[in-house]
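Chain and residue survey
What follows is each chain in one-letter form.
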Amino acid sequence: MIRCPLRSARFRGCFGAVIVTLSVVWSGPLTAQTRAFEDVTGVSGLKVGTDAACWVDLNNDGWVDVCVSGGVWKNNAGKTFTRVADVPTSVAADFDNDGLVDLFSWAARRMYHNDGEMKFTPVALPELPPSVSRGACWGDFNGDGFVDLYVGGYEDWGKGITWPFQILINEQGKSFKLLRSESRMRARGVTACDFDQDGDLDVYVSNYRLQPNLLWLNNGAAAFTEAAQKYGVVATSPGFGGGHSIGSAWGDFNNDGWIDLFAGNFAHVDGRGDQPKSRFLQNLGPEMGHQFKDLGTCGVHYQESYATPSVGDYDNDGNLDVFFTTVYGTASFGRKNNPVLFRNNGQFAVTDVSAAAGVAGLPPTYQAAWADYNNDGALDLLSGGKLFRNTTRDRGWLEIRLQGDGAKVNRSAVGAQVRIKIGEKVYTRQVEAGTGEGNQNDIRLHFGLGDHRDPVALEILWPDKSRQAVKSVELGRAVTYTYSASQ
């Protein structure tokens, strides 16, 4: 394999600070027999379990690190990882806008401040009611430029307890206040998106025990109204109030510029009938009031114990694909249940490519997180305690890091969206801090663009409702755009 040297340049233009880093790896065209993924766990130095994972660049060196299995693992220039700190699995965002991304452990309900040099200090939280959580997400829910937290509440099934969720409002990066705590369904996964592009983040909650999923519609001031039924995203089947959802993921699966939903459902085979299967929910856009259309499984074949999904364009063809884990293993309950990679054709039709891609036969896991850990322009996958390096080459790609100013827009730019229009397609990605059940993909936005090679124009939708146009961006590189209030 021939590796081109790494080059970087810095310049300032009318859209604020822009850092462009070109990183190209070429290995010739892929053959039909080439597997997309290579298991590099052994040589990477990672020694982790199968719990949820969070990819995040914690020291601003341009290489994404990972928080998993109770530890922070430093990325050594895309070659190996070294465990450098003990922090429970978390979701990540810059809570005090100091330029360093901090960690919140949803399981421990503890906040860890990033002190720099890969050192972390616990941050005092307000006294919280007793609860058990399986996931959380960050988002600036009240539009003050600081990221807040939605922390899901699960259950103690044996005692018949549904634990409360909590909404924690950031007080200017100094502490948090408890805005709301309420027992409302048995939550597993929590993830946020400005699906109606009105400038505020809404929260989707995946609920278990045949309970309906929730869509908390935000009014821009962190006052949430439950609207899952109104928008058609309960993710159930006739005769059932809801599914056994463990995790869900936002993504524009048909490249029309509107962010859709994939709701993952565990579906038992028992005397309760044909339980709700996993389903794709299509965002019909502003002309239909951003209602969602339930498209059903779209090719997701039946397995009883589907768990947490995570979306990413693994083959750089421009279409967001779905990696979907399972709770049971091959021999559990006499049924085969393994995680699956579903390739998306761009029109809500997916195909199981696990074997061909090289990720078949993984064990039961709640771990599913995407990141380009070696900066070669192809998304890598962490799942089942294994790191899979993506070997995809010879496709157009672009990676975008967004930064807020720390005043009007939170420093991590959580909630921002980027759109690239090519012909009739509008490729859309969002900065999110929490997906599936307790996982987090890298907040750097990855665009696969297939055979397209020409420069592209971008539209950035910042969380303060402002829009920024960027013309003539060359592909095959990573770029950074920083919000400027003067744009």
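Read on for an overview of the structure. (Residues numbered from 1 in each chain as written. Predicted model: local features only at pLDDT ≥ 70, side-chain atom pairs only at ≥ 80, totals over all residues. Heavy atoms only, no water.)

What to know about the overall build of the protein
On a plain count of helices and strands, the protein comes out with three helices and 41 strands. For a compact globule of 487 residues, the expected C-alpha radius of gyration is about 23 Å, and the protein comes in at 21 Å, within 12% of that figure. Across its three principal directions, the C-alpha atoms of the protein cover 60 × 55 × 50 Å. Going through the 487 residues of the protein one by one, you find that 62% of them count as buried. For the protein, the computed accessible surface area is about 17,800 Å², with 52% contributed by carbon and sulfur atoms. Side chains of the protein carry 46 positive and 55 negative charges; the gap between the two charge centres is 3 Å. (Helix = DSSP H or I, 4+ residues; strand = E, 2+ residues; numbered from the N terminus. Rg over C-alpha atoms; globule rule 2.2 N^0.38 Å. Buried < 20%, exposed > 50% of the residue type's maximum accessible area, 1.4 Å probe, protein only. Areas by Shrake-Rupley, 256 points an atom, 1.4 Å probe, with all protein chains shown as cover. Lys, Arg positive; Asp, Glu negative; His and termini not counted. Charge placed at Lys NZ, Arg CZ, Asp CG, Glu CD.)

Topic: the sheet that holds strand E40 (residues 467-473)
With antiparallel pairing, four strands are arranged side by side in an open sheet as E37-E36-E39-E40. One side of each edge strand has no neighbouring strand; the edge strands of this open sheet are strand E37 (425-430) and E40. Direction aside, neighbouring strands of the sheet carry axes that sit 20 degrees apart on average. Sheet topology places strand E36 (residues 417-422) next to E37; six bridges connect them, and they run antiparallel. Paired with Ile420 across the bridge in E37 is Tyr427. (Pairing = 2+ DSSP bridges. Axes fitted to C-alpha atoms, helices over the stretch in contact; angles between N-to-C directions.)

A short note on the environment of Asp196
When you line up the elements, Asp196 lands in the loop between strand E20 (187-193) and strand E21 (202-207). Distance in space between the C-alpha atoms of Asp196 and Asn283 is 8.8 Å, their sequence separation being 87 residues. Not counting residues within four places of it along the chain, the set of residues in contact with Asp196 comprises Asp202, Leu217 and His290. (Contact = heavy atoms within 4.5 Å.)

Things to note about the nonpolar core
Inside soluble globular proteins, nonpolar side chains tend to come together where they are buried. If you look at the biggest cluster of nonpolar residues, it comprises 58 residues, and the most contacted ones within it are Trp138, Tyr150, Val203, Leu398, Ile400, Leu402 and Leu458. With four residues, strand E18 (residues 165-171) is the largest single contributor of residues to this core. Dropping the residues within four chain positions of it, Leu458 is found in contact with Leu398, Ile400, Val418, Arg419, Ile420, Gln468, Ala469, Val470, Val473 and Tyr481. Judged by nonpolar contacts, the second largest core, of 17 residues, contains Tyr204, Tyr231, Leu261 and Phe292. (Core = buried A, V, L, I, M, F, W, Y, C linked by side-chain atoms within 4.5 Å.)

Thoughts on the sheet that holds strand E19 (residues 175-182)
Taken together, the four strands give an open sheet; going across it, the order is E14-E15-E18-E19, and neighbouring strands pair in antiparallel fashion. Whereas interior strands pair on both sides, the edge strands pair on one side only; in this sheet they are strand E14 (136-139) and E19. Between one strand and the next, the sheet's axes are offset by a mean angle of 20 degrees, whatever the strand orientation.

Notes on the pattern of salt bridges
A complete count under the given rule lists 20 salt bridges for this structure. Between Arg209 and Glu155 there is a salt bridge, with the nearest N and O atoms lying 2.6 Å from each other. Placement of Arg209 in the loop between E21 and strand E22 (214-218) and of Glu155 in strand E16 (residues 155-156) is noted, with a sequence separation of 54 residues between them. Classification of Arg209 as partly exposed rests on a relative accessible area of 24%. Close ionic contact of Glu182 with Arg184 constitutes a salt bridge, the shortest N to O distance being 3.3 Å. (Salt bridge = Lys/Arg side-chain N within 4 Å of Asp/Glu carboxyl O.)

A look at the packing of aromatic side chains
With the rule as written, the count across this model stands at 24 aromatic pairs. Aromatic side chains Phe104 and Trp138 sit 6.5 Å apart centroid to centroid with 80 degrees between the ring planes, which places their arrangement in the edge-to-face category. Here Phe104, found in strand E11 (residues 102-105), pairs with Trp138, found in strand E14; they are 34 residues apart in sequence, far enough to count as distant. The exposure class of Trp138 is buried, given its relative accessible area of 1%. Among the aromatic residues, those joined into a ring-pair cluster are Phe253, Phe262, Phe280, Tyr306, Phe324 and Phe348. A cation over a ring is seen here: Arg209 above Trp157, with NZ or CZ 3.8 Å from the ring centre. (Phe/Tyr/Trp six-rings, centres within 6.5 Å; stacked < 30°, edge-to-face > 60°. Lys NZ or Arg CZ within 6 Å of the ring centre and 35° of its normal.)

Quick look at the pairing of E36
Hairpin connection between E36 and E37: a loop of two residues separates the two successive antiparallel strands, and Gly423 in this loop has a positive phi of roughly 65 degrees. Across four bridges, the pairing between E36 and strand E39 (residues 456-461) is antiparallel. Bridge pairing in E39 links Gln417 to Leu461.

A few points about the environment of Gln275
On the secondary structure map, Gln275 appears in the loop between strand E25 (260-266) and strand E26 (279-283). Among the residues examined, Gln275 registers a relative accessible area of 2% and is labelled buried. Sequence spacing of Gln275 and Ala227 is 48 residues, and the spatial spacing of their C-alpha atoms is 23 Å. Discounting chain neighbours no more than four positions away, the residues touching Gln275 are Leu210, Phe240, His244, Ala267, His268 and Asp270. Separated by 3.0 Å, the side chains of Gln275 and His244 make a polar contact. A distance of 3.0 Å separates the side chain of Gln275 from the side chain of Asp270, its partner in a polar contact. (Polar contact = N/O pair within 3.5 Å; in protein donor to acceptor, adjacent residues only side chain to side chain.)

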